[in-house]
Amino acid sequence: MKNFSFFSPVKVIMSEDQKKELEKILSSYNNIALICGRNAAYKTGFVDLLKNTVRGSLFVFDEVEENPSINTVIKGGKFVRQNGCDIIVAFGGGSSLDAAKAISCFATNNRGFYELLNVKKLTNKTIPLVAIPTTCGTGSEVNHYAIITDYEKKDKINFAKEDCFPKFAVLNYNYLKFLSDNMLFATIFDAFTHAFEGYLSKRANPFSDMVALQCIKIILNNLAKEKIDDDSLKNFLYASTLAGIVILHTGTTLLHSLGYYLTNNKNIHHGLANYILLPYYIKMLEYKKVDKYYELKKEFPNIVDVLRSYDWLYDASVDSILSEEEISDMCEYALNKKNAENTLFSMEKRELMNFFGF
């Protein structure tokens, strides 16, 4: 057994009574910032719920887009700072939660994006954050990762600071009912790949393995059901949070860095991109004879069958989406991302391209 550490500082509350939980959390704060997108917070009635819950003033920043940009983060930080907000409520999918974590830094540290990214320790403490996920994919509510998109460079930047951890994560499975089937399952497979890659990461440890195996078990068992019911939604949301704890310790691998390319260049949802690439990644694990993958397959022999049963999500091969030149660019990009360093096998660019038919 190797030396390792395990740290998970977020207080997680699973409750359908959001109002009661938020009243307890927010009662001692005067100016509350809500960070969200333009749709979900209104469609679900959360904005009205929050207005009827807070005792102080509520300021709404609802400009977070899918794959939040550097400009959005800077603008959000200025909004929170100018309104003197002393706590942030982040509501939405991974985009809103990630943006809010970065915004909590820029609200108190008024510097350029890359300047602050490269600072090892923040000068000023961040604004406390309450994370309320509305998808079951990213697990952003329990880690300090904030994936921000640099649209000029067509790149995803992990703005990860120790101070970015949410203080609270409040889980309510009812918000998942507002998702389309495609979005629900795309986010489920995002969570699955977090646990799958985390278990197969160089940074894995006995604690993270235990959490990853439980997450994979929950997701596979519920995906195998004939009907997705309320219990399934609760389980998927819980599993997503577990997966967020896994990648906090293990990071992701080559699969995720390949997926970033599809999202950045073809506007394919992040979870869906991972789903498309997962069969290719499994072939790589088999080709490289990764022992730990075979241990996992022995534990869960139905992994491949479950994946195939969801082909309706996106039944297309990578070489039908990308040209040979684009696949070359994707492989180059992925192998140079930090995620790839965690992969349990090494891969040269030409070798990697072969898996995609070139």
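Computed from a prediction, not measured in an experiment: that's the story for all the values here. (Residues numbered from 1 in each chain as written. Predicted model: local features only at pLDDT ≥ 70, side-chain atom pairs only at ≥ 80, totals over all residues. Heavy atoms only, no water.)

**Student:** Explanation requested: the sheet that holds strand E4 (residues 87-92) in the structure shown.
**Tutor:** Strand pairing in a sheet relies on backbone hydrogen bonds, with the paired strands running either antiparallel or parallel. Spatial strand order, E1-E8-E5-E4-E2-E3: six strands in an open sheet with parallel pairing. For this open sheet the edge positions go to strand E1 (11-14) and strand E3 (57-61), each flanked by a neighbour on one side alone. Strand-to-strand twist across the sheet, computed as the mean angle between neighbouring axes with direction ignored, equals 20°. Bridge analysis of strand E5 (residues 129-133) against strand E8 (residues 168-171) gives two bridges, and the strand direction is parallel. Within E8, the position partnered with valine 130 by the bridge is phenylalanine 168. (Pairing = 2+ DSSP bridges. Helix = DSSP H or I, 4+ residues; strand = E, 2+ residues; numbered from the N terminus. Axes fitted to C-alpha atoms, helices over the stretch in contact; angles between N-to-C directions.)

**Student:** So what exactly am I meant to see when it comes to the nonpolar core here?
**Tutor:** If you look at the biggest cluster of nonpolar residues, it comprises 72 residues, and the most contacted ones within it are Phe196, Met284 and Phe356. Other than its neighbours up to four places away in sequence, phenylalanine 356 contacts Leu258, Leu277, Tyr280, Met284, Val318, Asp319, Ile327, Met330 and Cys331. Core analysis: the next-biggest nonpolar cluster, separate from the first, contains 29 residues, Ala90, Leu116, Leu122 and Ile157 among them. (Core = buried A, V, L, I, M, F, W, Y, C linked by side-chain atoms within 4.5 Å. Buried < 20%, exposed > 50% of the residue type's maximum accessible area, 1.4 Å probe, protein only. Contact = heavy atoms within 4.5 Å.)

**Student:** In this structure, what is going on with the packing of helix H10 (residues 254-266) against helix H11 (residues 270-287)? I would like to understand it.
**Tutor:** The relative placement of two packed helices comes down to the angle between their axes together with the axis-to-axis distance. Relative orientation of the contacting elements H10 and H11 amounts to 135°, with a least axis distance of 8 Å. Overall, the two elements H10 and H11 adopt an arrangement that is oblique. When the axes of H10 and H11 are compared, the crossing they make is right-handed. Every residue of H11 that contacts H10 at Leu254, Leu255, His256, Leu258, Gly259, Tyr260, Leu262 and Thr263 is listed here: His270, Ala273, Asn274, Leu277, Leu278, Tyr281 and Met284. Its residues assigned to classes, the contact of H10 with H11 comprises 10 nonpolar, five polar and no charged. (Parallel < 35°, antiparallel > 145°, perpendicular 65-115°, else oblique. Left-handed = near helix turned anticlockwise from the far one by under 90°. Nonpolar A, V, L, I, M, F, W, Y, C, P; charged D, E, K, R; others polar.)

**Student:** Sorry if this is basic, but what is going on with the packing of helix H8 (residues 206-223) against helix H9 (residues 230-250) here?
**Tutor:** It is the contact of H8 with H9, at a shortest axis distance of 9 Å, that shows an interaxial angle of 150°. Comparing the axis directions of H8 and H9 gives the class roughly antiparallel. Crossing handedness for the pair H8 and H9: left-handed. Side by side, H8 and H9 meet where Ser208, Val211, Ala212, Gln214, Cys215, Ile218, Ile219, Asn222 and Leu223 of the first sit next to Asp231, Ser232, Asn235, Phe236, Tyr238, Ala239, Leu242, Ala243, Val246, His249 and Thr250 of the second. A breakdown of the residues in the contact of H8 with H9 according to their chemical character gives 12 nonpolar, seven polar and one charged.

**Student:** I tried to follow the pattern of salt bridges on my own but got confused; where do I start?
**Tutor:** Opposite charge on two side chains allows them to pair when their charged atoms are near. A full pass over the atoms with the stated rule returns 15 salt bridges. Across the salt bridge formed by glutamate 115 and arginine 111, the nearest N and O atoms sit 3.2 Å from each other. The class of glutamate 115 is partly exposed, set by a relative accessible area of 44%. (Salt bridge = Lys/Arg side-chain N within 4 Å of Asp/Glu carboxyl O.)

**Student:** Any chance you could explain the packing of aromatic side chains here in plain terms?
**Tutor:** For any pair of aromatic rings, the description consists of the separation of the ring centres together with the inter-plane angle of the planes. Counting across every chain of the model gives 24 aromatic pairs. Here phenylalanine 113 and phenylalanine 159 contribute two aromatic rings whose centre-to-centre distance is 5.5 Å and whose plane-to-plane angle is 35°, an arrangement assigned as tilted. Highlighted residues: phenylalanine 113 in helix H6 (residues 113-117) and phenylalanine 159 in the loop between strand E7 (155-158) and E8, separated in sequence by 46 residues. The buried category is assigned to phenylalanine 113, whose relative accessible area is 5%. Given the relative accessible area of 0%, phenylalanine 159 is considered buried. An angle of 50° between the planes, with centres 4.6 Å apart, marks the rings of phenylalanine 189 and tyrosine 275 as tilted. A residue pair is termed long-range when its members are at least 10 positions apart, and phenylalanine 189 in helix H7 (residues 181-199) and tyrosine 275 in helix H11 qualify at 86 residues. The two residues phenylalanine 189 and tyrosine 275 agree in class, both being buried. Over the face of the ring belonging to tyrosine 114 we find lysine 153, whose NZ or CZ atom lies 4.4 Å from the ring centre. Its guanidinium or amino end placed over the ring of phenylalanine 159, lysine 161 lies 5.6 Å from that ring's centre, counting from NZ or CZ. (Phe/Tyr/Trp six-rings, centres within 6.5 Å; stacked < 30°, edge-to-face > 60°. Lys NZ or Arg CZ within 6 Å of the ring centre and 35° of its normal.)

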